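# Coordinate analysis (summary)
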Amino acid sequence: MDENQTIDQDRIMKINIEEEMKTSYIDYSMSVIVARALPDVRDGFKPVHRRILYGMLGLGNTSDKPYKKCARVVGDVLGKYHPHGDSSVYGALVRMGQEWNMRYKLVDGQGNFGSVDGDSPAAMRYTECRLSKMGEHIMDDIEKDTVDMDNNFDDTLKEPSVMPTKIPNLLVNGGNGIAVGMATNIPTHNLGEVIDGCCAFIDNPEIDTDGLMQFIPAPDFPTGAYIYGQQGVKDAYETGRGRIVMRAKAEIESDDSHDKIVVTEIPYGVNKQQLIEYIADLVKEGKLEGIANVNDETGRQGMRIVVDLKRDVNAKVILNKLFKMTALQSSFSVNCIALVPNKHDHSQLRPKLLSLRECISYFIEHRHEVTIRRTQYDLRKAQERLHILEGLLIACDNIDEVVHIIRASKTPADAQVNLEKRFELDNLQSKAIVDMRLSQLTGLRMDQLRAEYEEVTAQVEYLQSILDDPEKCKAVMKQELQEVKEKYGDERRTQLILDEHEFNAEDFYPNDPVVITVSHLGYIKRTPLSDFREQARGGVGSKGAHTREKDFTEYIYPATMHQTMLFFSKKGRCYWLHCYDIPEGDKTSKGRAIQNLLNIEPDDSVNAFLRLRGRGLENEEFVNSHYVVFATKNGTVKKTSLKEYSRPRANGVIAINIVEGDEVVDVRLTNGENELVMANRNGRAVRFDERAIRTMGRVSTGVRGMRLDGDDDAVVGMVVVNDAESESVMVVSENGYGKRSGVEDYRKTNRGGKGVKTMAVTEKTGRLVAIKNVTDDNDLMIINKSGIVIRMAVSDIRVMGRATQGVRLINLAKKNDIIASVCKVMSSELEATVEAENRQAMQEKNEQFAQATNAPESAATAAGSGEDTAEPEVEPDEMIDFEK
């Protein structure tokens, strides 16, 4: 018993579990990487593809023979070379026959091989296959010792370690795979372009990526479509990683009833059926409006997806939304990882991230090796034949003696020995003479032998010259590549849009006027200006956004879709956003948290904006001639060149250095020669020339622009005077009162003064909340903290003295409600006629109400303050809301 225990103890090996796990996992991962998931850079195949093609060749399943059942091919490959699941073999076989996955098919399939809609292929017992012409060319010269042959899994057969391909298959047909700790994703390319690039590399091995891109400008996908922007392609070609943007080929067709979008080519890898279903789901959920129907009209003439649009919708806008929200615009993330051979031992492979130049370099190196090995094989065979021919010619020249020696010999072996002694031949030559048929003794056959001898001699010299002269070897390689190009080359399917601006979003968003709305808690949205109907002054307004509890719309800014928005936070940082990138919402939606769009600190918030038309930041002349002027709550002003803010950064930049207790309240764009008007909460304003402010850097604090009246006073805003004759200064108080005054009423002083009265601030009017420079062409949009919005024509508000109280602009329906924000917009000519009628009807209603209520106190107050007496104070519920 003790002896058995001792023996068992001797058999137990104590190992470190950590080391064992590490070793086992590394062995497993390397097996997956090398023997399953990654393609070889030389032939572009994973082992399963290589084994399928070689198995089909072994079955005689070539392009000139009848089709064979796929089940037979799969079974043969499983039994001989690939001891894994049949589904993996059949899946790989089917993919090589799918024209929407392979740029050039290597398998010719018959039956249901699936579809671009994602349909599964039929079972392998139903489908048939054979090698395509190109699939055969992949294995050209495989019998000439061009590649190393390895033992199969049970050491009973030989299989090629790599294919002697003349086709740069890794680039031409691409590949993808997921290994352990790495993955590969290589796009397809045009055969002719890649071969031209390979020939260029043969001529100049020092050629760089830019040089190769003259021949291989971008991938070429089997599904066509567009590639736009070359930067992603160049990154992929230079580093092996890059993001290539693909966009469907779509056209807008119009008829008498409506427009429709017709898609004829989709990005590579997109499932057509899922794409159509997703568009339909977006329409059902209300996320994509303006679409009436989506049909798949694909047929023999090719792909055709038809998106029917509703009447009076902008087809370009819908198309752009489809690009943005669906797979009609997709990206191909290139990750060019493949197995490369060790320089000293080609049987040792390792994964490597490859650039375009490296892919071509390894392929050309492989082609050179195959060409040399094939030439050596052909030379060896030619020399062997030449050796035999030399013996046969000796026999022909001495035919009578040869016949005599053979007849005198007892056995063929004796005859061989006697011939060798007499003519100094070797065993191969003597055997060839003994085996020679009598028909070869005729004069014609003798002449043919001599002609063959001369031909083989020339062939030996030619083959030897290839081995001796590297330039001749290169010429042979180029000639073979050009032959492949002539036979299989075709036109590029994927069109290139080299200039990214060709597909700029501005081309698909109409430059319509919009209103950018930001709430107090930082929710932002853009709303079409047409959603805000014009009302007469004194109206109660229409319902604005549904905001969260204790939130209200604080800022309203007019803009157009193509403008660039510069966002300035109260802490003095600057951020950038295109207007079309701001989420769209209707008047009642709350919008999206601005922190989700901009990288803003949690305790910071945006409270000032600039709008730049088109590509203002890219216009060097524009940015050098304009300035950004800041106004802070404590009366500080600062001027900085716009050029300092012309390079957008994801995290923003410091725009102004803000001291503790201060914050940015307004930011304006100037031309360097403008006049500025600042106003404070107590109703005072100061006008001064901006040249009084010296230009400073981004991180400076600024200088004093206005002296405040006390600790509870603050600057409410600043305006830039562009035309003192046509413009007027509009001020609005928190209780809904406002007035216009001429710019010249404000005498020009130096910066830093207390200013002059701009509005008579009383308990009734409340303190000042906004100052704007307006013209008769402007409309005014006012919103209060309860979310009520009113839009009115500035021309309805007469110009009056700067020391007056003004007129009531909006009636505050709720107690303790105050004005939250004011902005100016251009008036709507389309609504002018209707709104004139509305204003007249409302004025009649107000006059009737005034006579009925006989409000002398209101009229007296208005007269004393310079207010328009035709506008009585009335209860909000008695006003006509034409928005309804």
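Heads up: the structure comes first, above all this text.
In this report, the structure presented in the accompanying data block is examined.

Thresholds applied
- Residues numbered from 1 in each chain as written.
- Predicted model: local features only at pLDDT ≥ 70, side-chain atom pairs only at ≥ 80, totals over all residues.
- Heavy atoms only, no water.
- Pairing = 2+ DSSP bridges.
- Helix = DSSP H or I, 4+ residues; strand = E, 2+ residues; numbered from the N terminus.
- Buried < 20%, exposed > 50% of the residue type's maximum accessible area, 1.4 Å probe, protein only.
- Phe/Tyr/Trp six-rings, centres within 6.5 Å; stacked < 30°, edge-to-face > 60°.
- Axes fitted to C-alpha atoms, helices over the stretch in contact; angles between N-to-C directions.
- Parallel < 35°, antiparallel > 145°, perpendicular 65-115°, else oblique.
- Contact = heavy atoms within 4.5 Å.
- Nonpolar A, V, L, I, M, F, W, Y, C, P; charged D, E, K, R; others polar.
- Core = buried A, V, L, I, M, F, W, Y, C linked by side-chain atoms within 4.5 Å.
- Polar contact = N/O pair within 3.5 Å; in protein donor to acceptor, adjacent residues only side chain to side chain.
- Disulfide = S-S within 2.5 Å.
- Left-handed = near helix turned anticlockwise from the far one by under 90°.

The next thing to look at is the sheet that holds strand β40 (residues 807-808). Working definition: the strands of a sheet are paired by backbone hydrogen bonds and lie parallel or antiparallel to each other. The four strands lie next to each other as β37-β34-β35-β40, forming an open sheet whose pairing is antiparallel. Looking along the sheet, the strands with just one partner apiece sit at the ends: β37 (768-774) and β40. Where strand β34 (residues 728-733) meets strand β35 (residues 737-742), five bridges bridge the pair, whose relative direction is antiparallel. Within β35, the residue paired with Val-729 across the bridge is Ser-741.

A few words now on unusual backbone geometry. With a phi angle near 60 degrees, Asp-145 is a residue other than glycine that sits in the positive phi range. With respect to the secondary-structure elements, Asp-145 resides in the loop between α6 (133-138) and β4 (149-151). According to the relative accessible area criterion, Asp-145 is partly exposed, its value standing at 41%. Phi angles above zero are rare outside glycine, and Glu-424 is one such case at about 55 degrees. Summarising the element assignment, Glu-424 is placed in the loop between α15 (412-423) and α16 (427-435).

Our focus in this paragraph is the pairing of β37. Across the seven residues of β37, six count as buried, placing the element largely inside the fold. Where β34 lies against β37, six bridges are found, and the strand directions are antiparallel. Residue Val-729 lies in a different strand from β37, and its bridge partner there is Asn-773.

Quick look at the packing of aromatic side chains now. Per the stated rule, a full pass over the model turns up nine aromatic pairs. Judged by centre distance (6.1 Å) and plane angle (35 degrees), the rings of Tyr-268 and Phe-332 are tilted. With a gap of 64 residues between them, Tyr-268 in the loop between β11 (259-265) and α11 (272-284) and Phe-332 in strand β14 (residues 329-335) connect regions that are remote in the sequence. Taking the centre distance of 5.3 Å and the plane angle of 85 degrees together, the rings of Phe-568 and Phe-630 count as edge-to-face. In this pair, Phe-568 is assigned in strand β22 (residues 564-569) and Phe-630 in strand β26 (residues 627-632), connecting sequence segments 62 residues apart. The exposure class of Phe-630 is buried, given its relative accessible area of 0%. Ring pairs connect the aromatic residues Phe-221, Tyr-268 and Phe-332, which therefore count as one cluster.

The next point concerns the packing of helix α8 (residues 191-203) against helix α18 (residues 470-488). Close contact between α8 and α18 brings their axes to 9 Å; oriented N to C, the two are set at 170 degrees. By the angle class used here, α8 and α18 are roughly antiparallel. Residues Leu-191, Gly-192, Ile-195, Asp-196, Cys-198, Cys-199, Ile-202 and Asp-203 of α8 form the contact with α18, whose own contacting residues are Lys-474, Met-477, Lys-478, Leu-481, Gln-482, Val-484, Lys-485 and Tyr-488. Considering only residue class, the contact of α8 with α18 consists of nine nonpolar, two polar and five charged.

With respect to the helices, strands and loops of the structure, Ile-138 is situated in helix α6. Judged by relative accessible area, Ile-138 falls into the buried class, the value being 0%. Taking C-alpha positions, Ile-138 is 8.7 Å from Leu-53, a pair spaced 85 residues apart along the chain. Ignoring anything within four residues of it in the chain, the contact list for Ile-138 reads Phe-45, Leu-53, Leu-106, Met-163, Pro-164, Thr-165, Ile-167 and Asn-169.

Moving on to the nonpolar core. Ranked by internal contacts, the top residues of the largest apolar core, which has 79 residues, are Ile-52, Leu-53, Leu-93, Leu-191, Ile-360 and Ile-364. Take this core: its biggest share by element is eight residues, from α8. Once residues within four sequence positions are removed from consideration, Leu-191 is found in contact with Tyr-104, Met-134, Ile-167, Pro-168, Val-172, Val-484, Tyr-488 and Gly-489. Ranked by size, the runner-up nonpolar core spans 24 residues in total, among them Trp-100, Val-263, Leu-309 and Leu-328.

What follows concerns the side chain of Thr-165. By secondary structure assignment, the location of Thr-165 is in the loop between β5 (158-160) and α7 (169-172). Here Thr-165 is in contact with Arg-42, Asp-43, Ile-138, Phe-363, His-366 and Arg-367, once residues within four sequence places are set aside.

The antiparallel open sheet is built from four strands, whose spatial order is β10-β11-β13-β12. Here the strands that pair on one side only, and so sit at the sheet edges, are β10 (249-254) and β12 (291-296). Strand-to-strand, the axes of this sheet are offset by a mean angle of 20 degrees, without reference to chain direction. Here β12 pairs with strand β13 (residues 305-309) via five bridges, running antiparallel. Across the sheet, the residue bridging to Asp-296 is Ile-305, located in β13. Sheet strands touched by α11: β12 and β13. Its angle to β12, the strand with the most contacts, is close to 165 degrees. Packed onto the sheet, helix α12 (residues 315-325) meets β10, β11, β12 and β13 and runs at close to 40 degrees relative to β11.

This next bit is on the side chain of Asn-773. Structurally, Asn-773 can be placed in strand β37. Using a relative accessible area of 9% as the deciding quantity, one classes Asn-773 as buried. A distance of 2.8 Å separates a polar atom in the side chain of Asn-773 from the backbone oxygen of Val-720. Within polar-contact distance, the side chain of Asn-773 engages the side chain of Glu-727 at 3.4 Å.

Within the secondary structure layout, Met-800 lies in the loop between β39 (788-793) and β40. The exposure class of Met-800 is buried, given its relative accessible area of 7%. Taking the C-alpha atoms as reference points, Met-800 and Asp-745, separated by 55 residues in sequence, lie 9.9 Å from one another.

Turning our attention to the state of the cysteines. One pass over the full model with this rule turns up zero disulfides. No disulfide involves Cys-198; its sulfur sits 6.9 Å from that of Cys-199, the nearest cysteine. The exposure class of Cys-198 is buried, given its relative accessible area of 0%.

Here the focus is the packing of helix α3 (residues 47-58) against helix α4 (residues 70-80). Here α3 crosses α4 at 110 degrees, and the two axes come no closer than 9 Å. The angle between α3 and α4 places the two elements in the roughly perpendicular class. As for the relative orientation of α3 and α4, their crossing is right-handed in sense. Across the interface between the two elements, Arg-51, Ile-52, Gly-55 and Met-56 of α3 pack against Val-73, Asp-76 and Val-77 of α4.

Note on strand geometry: in a regular strand, side chains alternate between the two faces of the sheet. Burial analysis of strand β30 (residues 675-680) places six of its six residues in the buried class, which makes it a mostly covered element. Relative to strand β31 (residues 684-689), β30 runs antiparallel, the two sharing five bridges. Looking at the pairing, Met-678 lines up with Val-686 of β31. Connecting β30 to the next strand, β31, in antiparallel fashion are three residues, including Gly-683 with a positive phi near 85 degrees. The pairing of β30 with strand β33 (residues 715-721) spans six bridges and is classified as antiparallel. Note on β33: the bridge partner recorded for Val-677 is Val-719.

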